[in-house]
Amino acid sequence: MASSKIKTIGVLTSGGDAPGMNAAIRAVVRRGLSRGLKVKGILKGYDGLMEETIKDMRAADVSDTIERGGTVLYTARCAEMRTEEGVLKAVETCRKHGIEGLVVIGGDGSFRGAEKLANHGVNVVGLPGTIDLDIACTEYTIGFDTAVNTAMEAIDKVRDTSASHERCSIIEVMGRNAGYLALWCGIANGAEDILLPEKYDYDEQKIIDNIIENRRRGKAHHIIINAEGIGHSASMARRIEAATGIETRATILGHMQRGGSPTAKDRVYASIMGCMAVDLLMEGKTKRVVGYRHGAFQDFDINEALAMTKEISDYEVEIAASLSHNYNKYDQMNMSELITEE
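Chemist: I keep staring at the nonpolar core and nothing clicks. Help me out?
Modeler: One recurring pattern in soluble globular proteins is that nonpolar side chains are buried together. With 59 residues, the main nonpolar core has I9, V103, I105, L127, V173, L181 and I225 as its most contacted residues. Looking at this core element by element, the count peaks at 9 residues for helix α9 (residues 264–282). With 28 residues, the next largest nonpolar core counts Y46, A90, A114 and I302 among its residues.

Chemist: Just to check I follow, could you spell out the packing of helix α5 (residues 144–165) against helix α6 (residues 180–188) for this structure?
Modeler: Each pair of packed helices gets described by two things: the angle between the helix axes and the distance between those axes. Following both chains from N to C, one finds α5 and α6 inclined at 45°, their axes separated by 10 Å at the closest point. Judged by the inter-axis angle, α5 sits oblique to α6. The interaxial crossing formed by α5 with α6 has right-handed handedness. Judged by residue contacts, F144, A147, V148, A151, M152 and I155 of α5 engage Y180, L181, W184, C185 and A188 from α6. Across the contact of α5 with α6, the residue classes tally to 11 nonpolar, no polar and no charged.

Chemist: Would you explain the pattern of salt bridges in this entry?
Modeler: Pairing between side chains of opposite charge can happen when the charged atoms of each approach one another. Counted according to the given criterion, the structure contains 18 salt bridges. With a closest N to O distance of 3.1 Å, D132 and R176 form a salt bridge. Taken together, the residues span a long stretch of sequence, with D132 in the loop between β5 (123–128) and α5 and R176 in the loop between β6 (168–173) and α6 at a distance of 44 residues. Here E283 makes a salt bridge to K285, at a shortest N to O gap of 3.7 Å.

Chemist: Sorry, what's going on with the sheet that holds strand β3 (residues 54–56) here?
Modeler: By definition, the strands of a sheet pair up through backbone hydrogen bonds, in either a parallel or an antiparallel sense. Spatially, the 7 strands line up as an open sheet ordered β3-β2-β1-β4-β5-β10-β11, and their pairing is mixed. At either end of the open sheet lies a strand with only one pairing partner, and these are β3 and β11 (296–301). With strand direction ignored, the average angle separating the axes of adjacent strands in the sheet is 25°. In this sheet, β3 lies alongside strand β2 (residues 38–42) in antiparallel orientation, the contact comprising 3 bridges. Looking at β3, one finds that I42 is bridged to I54. Its contacts with the sheet put helix α1 (residues 21–34) on β1 (8–13), β2, β4 (101–106) and β5, and the angle it makes with β4 is roughly 165°.

What counts and what doesn't
- Residues numbered from 1 in each chain as written.
- Predicted model: local features only at pLDDT ≥ 70, side-chain atom pairs only at ≥ 80, totals over all residues.
- Heavy atoms only, no water.
- Core = buried A, V, L, I, M, F, W, Y, C linked by side-chain atoms within 4.5 Å.
- Buried < 20%, exposed > 50% of the residue type's maximum accessible area, 1.4 Å probe, protein only.
- Helix = DSSP H or I, 4+ residues; strand = E, 2+ residues; numbered from the N terminus.
- Axes fitted to C-alpha atoms, helices over the stretch in contact; angles between N-to-C directions.
- Parallel < 35°, antiparallel > 145°, perpendicular 65-115°, else oblique.
- Left-handed = near helix turned anticlockwise from the far one by under 90°.
- Contact = heavy atoms within 4.5 Å.
- Nonpolar A, V, L, I, M, F, W, Y, C, P; charged D, E, K, R; others polar.
- Salt bridge = Lys/Arg side-chain N within 4 Å of Asp/Glu carboxyl O.
- Pairing = 2+ DSSP bridges.

By themselves, these figures tell us nothing about what the structure is for.
Listed below in C-alpha cells is the structure:
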C-alpha cells in the first residue's frame, strides 16, 4: 500500500502489560497526528476489535501518561483471535473504521495475531512489549528494564532481613519460561544460586550442598533467585530447610514487577519504537516488527521474527556463578586450565 493512502492508523496493547507501553502509545498518537494521520485507540487489545471499542485519539489524550505504568488503552488476552472467524471479524472492524495501519504492542502471542491480520491485508507493525525479554529478534523489549529494576530493589530488601535472621531466601521472579529476569537479578543482587528454566537440571542436592558449604565457610545467609518457569518456591523452601536445618523462606514477587513508573530507558526506547512504527506504516511497509539489535533500532519481517530462537548466554551464566560466594571453585578451575595450557 502506498504511503499516500495511509490516512488512519490504530494502536492497541495486547497480552501482559509492561511499563513503557504508555510511552509507546503516546509516541504513536503524537507522531501520527504530527504526520497528518487520524489515530484511533483500540481498547482491551484484540477484544477491542471484536467488540468495536475504538476511540479517536487526540494529543491531549496521552498527556501525562509517559510516566505511568500499565496501559491507558487497557489490555486483554483474546481467545477469539486464535480462530479464523475471529481474525476475519477483526479485519472487518478495521475496514469498517477506516483503519489502514495498525500498531500492535505486545509479545509473541500478540505478534501471531498481527501476522494473521497482515495475511488478510491489514498493514501491521508490531512493537515488543513484554517484561520477559523473550522475543528473539530483539535485545530489548518494552518493560524489561523497569521490571528488572523493580525486582532488584525488592530483592535488596529481602536480603536485608535474610542477613539479619541468617536465613536462606528463595526469591521467585517473573519471566514465564524465560530466565532473563532471573539471570539479571541474580547478577545485580549478587545471588548465591540462580535457577533458570533454560539451564536448571533439577538437582536440588547441589543447592543444598552449596548452602551447607557456604555456611561452613562463614556465609551467614544465602540468596536463591528462582525463575517463574521453575516455580514451586514454597515447597522448595520447605525441603531445603528440612535438609539443612537452616531457616528458609520463599518470597514470590509476582505482578509488582509489571507495575510502576517506567525507567528512562523504557520511556525513551518505547518512544523511539512508537515513532518508528508510524514511520514504517507511512512508508507503506507492513508485516514488520520493530526491534533493537547491535546498538540500533531495526525492523524485521514478522514471519522471520517469529521463527527466530533466543538462548540464555552460557558465558553470562558462568559469570553469575563465578561472582557468587562459590568463586573459589572457579578460581581453582581457571588455575588448573592455565597450568594445563602452560
